[in-house]
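Overview (structure and organization)
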Amino acid sequence: MSEQQIVKIPAFSLKRQNLELRAALRECFLNVVDQSQFILGNHVSALEKKIAAWCGVNHGVGVGNGSDALYLALQALGITPGDEVITTPFTFFATAGAISRVGAKPVFVDIEKTTWNMNPMKLKAAITKGTKAIIPVHLYGCPANMSEIMLVASTHDLKVVEDSAQALGAKFKEMSVGSWGDAGCVSFFPTKVLGAFGDGGMVVTNDSELASRISRLRLHGSRIKYHHDEIGSNSRLDELQAAILHLKSEYSEQWTERRRSIADLYGRLFGEYANQLGIRLPVEPAGTYHVYHQYTIAIAYRDRLHQYLTDCGIGSAIYYPVPLHLQPVYSSLGYSHGDFPEAEAASRQVLSLPMFPELTDEEVNVVVAAVVRGCKESLIGMDN
Ligand SMILES: Cc1ncc(COP(=O)(O)O)c(C=O)c1O
């Protein structure tokens, strides 16, 4: 076996972090077991307060996962069948899925080439009489241009639900993502910047009526036990997950800073190679605080590089290979190839490199060296 094949660097791993936190996690588990209050106990309410404060808003409502956070936020804002909700085609399916689940129609606008986030300049043309809301996504941890998006929303009296699933702690112009719109939706999926040991999510908002409606909707529309005012869901954040998240949240700032320094190191190591090899590096627009949920590059010969890294034992991932307007389930929306050129190019070119706080500088060096080697080999392969 060659030296290259021995190197094993995962795209993401929790093993080192969990080992470090082992004793504290054990205590945390046992604490919940001893209290034996598994649904909506004091850990959930403590976490709701903590995340809300962190996002700079007054309320947090813990729900089953990030997908339900989006769905419940739309439902609580009164989005119903026949309405249109504008979002980006370059995101995880849950963003558009939530729109469809409330019976509304997803309407896509193309993304910016550099940030891969919704292009606010494209919004106006997509607004119709049926438009009720916009869902910007802070993809990979990079804040969308919230001041421009909020300007369009307020001009046209539209609700804004931020999909902050990948960007807890990120800021746009000093304000946390999730605090710009009517609601922000967080995912605690294990790979996220703050991850549970299973599914979890939260809606953050300054709107107390919205928060209490979501609190009811997560309990089958019930304010008082066994009395139901409307149809809701069973979508609560588990007490055990909340306890783990609360413990892990103590490290969030330090972990985010480490992600940022890894991103900085990647950028410095790629340096001149980026231009020479046609690698587009992630950007951090002025006035934003990127949390680098992913360190994503774009490259024309992405699939060759992806395969090369896999052969070297280096993990990398494609988020996302098919833009949402081209997903079979949305064929009825009537979109076709070429409708959103930037989203389509991104889905052919993006590649996320290893990124997690416990990744060492040495490993980052190994990854960059392999990417550079892989690019050179790919380019030679294309000449032949
Ligand atoms: C952009 C985006 N939105 C929504 C979600 C849904 O979150 P969850 O997996 O917690 O349901 C995710 C999770 O992957 C996501 O990345």
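Residues numbered from 1 in each chain as written. Predicted model: local features only at pLDDT ≥ 70, side-chain atom pairs only at ≥ 80, totals over all residues.

**Some words on the site of the ligand**
Put simply, the test is: Only the C-beta atom, placed from the backbone, is used; a residue is near a molecule or strand if that atom lies within 6 Å of it. The helix and strand labels rest on DSSP assignments: H or I over at least four residues marks a helix, E over at least two residues marks a strand, and numbering proceeds from the N terminus. Amino acids outside the nonpolar list (Ala, Val, Leu, Ile, Met, Phe, Trp, Tyr, Cys, Pro) and the charged list (Asp, Glu, Lys, Arg) are all regarded as polar, and Gly is one of them.
Every one of the 15 residues lining the ligand counts as a neighbour, but Asn 65, Gly 66, Ser 67, Ala 165 and Ser 187 are closest to it. At the level of secondary structure, the elements contributing two or more residues to the shell around the ligand comprise helix H5 (66-76) and helix H6 (93-101). Tallied by class, the residues present in the shell around the ligand amount to five nonpolar, eight polar and two charged.

**Quick word on the domain arrangement of the chain**
The line we're drawing: For each domain, the first and last residues come from an automatic or database assignment.
Looking at the assigned domains, one finds that the chain contains domain 1 (3-8 + 252-383) and domain 2 (16-249). Looking at the side of domain 1 that touches domain 2, the element that brings in the most residues is helix H13 (residues 341-349), giving five residues. The class makeup of the residues in the side of domain 1 that touches domain 2 is 15 nonpolar, ten polar and three charged.

**Some thoughts on helix H3 (residues 22-35)**
Threshold: How far a helix is expected to stretch is found by multiplying one less than its residue total by 1.5 Å. Each residue is classed by its C-beta neighbour count within 10 Å, where at least 20 other C-beta atoms makes it buried, 12 or fewer makes it exposed, and intermediate counts make it partly exposed; the C-beta atoms are placed from backbone geometry.
Between its first and last C-alpha atoms H3 spans 20 Å; for 14 residues at 1.5 Å apiece the expected length is 20 Å, and the two agree. Across the 14 residues that make up H3, only a small minority, one, are buried. Directly beyond the C-terminal end of H3, a positive phi value near 50° is found at Ser 36.

**So, the environment of Pro 285**
Within the fold, Pro 285 resides in the loop between helix H11 (252-277) and strand E12 (288-289). In the structure, Pro 285 is positioned 277 residues away from Lys 8 in sequence and 32 Å away in space, judged by C-alpha atoms.

**Overview of the environment of Arg 22**
Along the chain, the position of Arg 22 falls in helix H3. Note: C-alpha distance between Arg 22 and Leu 40 (18 residues apart in sequence) is 25 Å.

**What about the sheet that holds E12?**
Strand pairing in a sheet relies on backbone hydrogen bonds, with the paired strands running either antiparallel or parallel. As a reminder of what qualifies: Pairs of strands are assigned from DSSP output, requiring at least two bridges between the strands.
Within the open sheet, the three strands sit side by side as E7-E6-E12. Their pairing is antiparallel. Edge strands, defined here as strands with exactly one partner in the open sheet, are strand E7 (175-176) and E12. Of the pairings in the sheet, the one linking strand E6 (residues 171-172) to E12 comprises two bridges and is antiparallel in character. If you follow Lys 171 over to E12, its bridge partner there is Tyr 289.

**Examining the packing of H3 against helix H10 (residues 239-249)**
Going by this rule: Axis definition: a line fitted to C-alpha atoms, over the contacting stretch in the case of helices. Angles run 0 to 180 degrees between N-to-C directions. Two helices crossing with the near one rotated counterclockwise from the far one by less than a right angle form a left-handed crossing, whereas a clockwise rotation gives a right-handed crossing. A residue pair is marked as a contact if its C-beta atoms, positioned from the backbone, fall within 7 Å.
At a closest axis distance of 10 Å, the pairing of H3 and H10 adopts a crossing angle of 145°. Considering only the axes of H3 and H10, their crossing is right-handed. Note on element contacts: H10 touches H3 through Glu 239, Leu 240, Ala 243, Ile 244 and Leu 247, opposite Ala 24, Leu 25, Cys 28, Asn 31 and Val 32. Looking at the contact of H3 with H10, its residues break down into eight nonpolar, one polar and one charged.

**Description of H13**
Helical geometry note: an α-helix holds 3.6 residues per turn, so side chains three or four residues apart project in the same direction. This is how it is decided: Of all possible arcs, the one meant is that of the directions from the helix axis to the C-beta atoms.
When we look at burial in H13, the residues that qualify are Ala 343, Glu 344, Ala 346 and Ser 347. One face of H13 carries all of its buried residues, which in axial projection span an arc of 160°. Residues of H13 that are buried make contact with strand E13 (295-298) and strand E14 (350-353).

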